[in-house]
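Remarks on the overall topology
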Amino acid sequence: MSHPRHALDEIIHAPVRLSITAMLAAAETVEFSYLRDTIEVSDSLLSKHIQTLEKAGYVRVTKGFVGKRPRTWLSLTDAGRDAFQSYMATLRQITDGTPRA
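In what follows, the accompanying structure is described. (Residues numbered from 1 in each chain as written. Predicted model: local features only at pLDDT ≥ 70, side-chain atom pairs only at ≥ 80, totals over all residues. Heavy atoms only, no water.)

Below, the discussion takes up the overall build of the chain. Counting its secondary structure elements, the chain contains five helices and three strands. Ordered by position in the sequence, the α and β elements of the chain form the string α-α-β-α-α-β-β-α. Dimensions along the principal axes, computed over C-alpha positions, put the chain at roughly 55 × 25 × 20 Å. Counting every position in the chain, which comprises 101 residues, the buried fraction comes to 33%. Taking the intrachain contacts of the chain between residues at least 6 apart in sequence as the baseline, contacts between residues at least 24 apart amount to 53%. In the structure as shown, the chain presents an accessible area of about 6,400 Å², 52% of it carried by carbon and sulfur atoms. (Helix = DSSP H or I, 4+ residues; strand = E, 2+ residues; numbered from the N terminus. Buried < 20%, exposed > 50% of the residue type's maximum accessible area, 1.4 Å probe, protein only. Contact = heavy atoms within 4.5 Å. Areas by Shrake-Rupley, 256 points an atom, 1.4 Å probe, with all protein chains shown as cover.)

What follows is the structure, encoded as structure tokens:
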């Protein structure tokens, strides 16, 4: 039996990516600028972490326009939602002191 920390998803584990996935898990879609302002990061830092999550298949990026202004919307894929739920379950095991099954 190993400690539950070994099951933590390294893709999600970075603080900014954890903040992104947590916010996306609570909503169907989130606009890039709203996410950026809420988790208090720069455009470039958010973009970098979004690329990592998108490459892992966890985040879907949708681009479009509102009027004449370009917009980017983000959402969790099914795989991303599953990974986040698993990550949170592992954190609960760690904080509850529950050994891994």
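Counting residues in each nonpolar core, the largest one holds 21 residues, and the members touching the most others are Ile 20, Leu 24, Leu 35, Ile 39, Leu 46, Val 59 and Leu 74. Elements represented by at least two residues in this core include exactly helix H2 (15-25), helix H3 (32-39), helix H4 (43-55), strand E3 (69-76) and helix H5 (78-96). Broken down by element, this core gets its largest block of residues, four residues, from H2. Aside from chain neighbours lying at most four places away, what touches Leu 35 is Ile 20, Met 23, Val 30, Leu 46, Ile 50 and Leu 74. (Core = buried A, V, L, I, M, F, W, Y, C linked by side-chain atoms within 4.5 Å.)

With that settled, the discussion passes to H2. When H2 is considered as a whole, its buried residues turn out to be Val 16, Arg 17, Ile 20, Thr 21, Met 23 and Leu 24. One face of H2 carries all of its buried residues, which in axial projection span an arc of 165°. (Arc of directions from axis to C-beta.)

By the bridge criterion, two bridges tie strand E1 (residues 30-31) to E3 in an arrangement that is antiparallel. Residue pairing in the sheet places Val 30 in a bridge with Leu 74 of E3. Bridging between strand E2 (residues 59-66) and E3 involves eight bridges; their strand directions are antiparallel. Each bridged residue has a counterpart across the sheet, and for Phe 65 the counterpart in E3 is Pro 70. Turn length for the E2-E3 hairpin, with the two strands adjacent in sequence and antiparallel, is two residues, and the turn residue Gly 67 shows positive phi of about 65°. (Pairing = 2+ DSSP bridges.)

What follows deals with the pattern of salt bridges. Within the structure shown, the criterion is met by three salt bridges. Between Arg 36 and Asp 37 there is a salt bridge, with the nearest N and O atoms lying 2.9 Å from each other. Judged by relative accessible area, which is 21%, Arg 36 ranks as partly exposed. One salt bridge in this structure joins Asp 43 and Arg 36, with 2.8 Å as the shortest N-O distance. With a relative accessible area of 39%, Asp 43 lands in the partly exposed category. Each of the salt bridges in this network shares a partner with another, and the network as a whole consists of Arg 36, Asp 37 and Asp 43. (Salt bridge = Lys/Arg side-chain N within 4 Å of Asp/Glu carboxyl O.)

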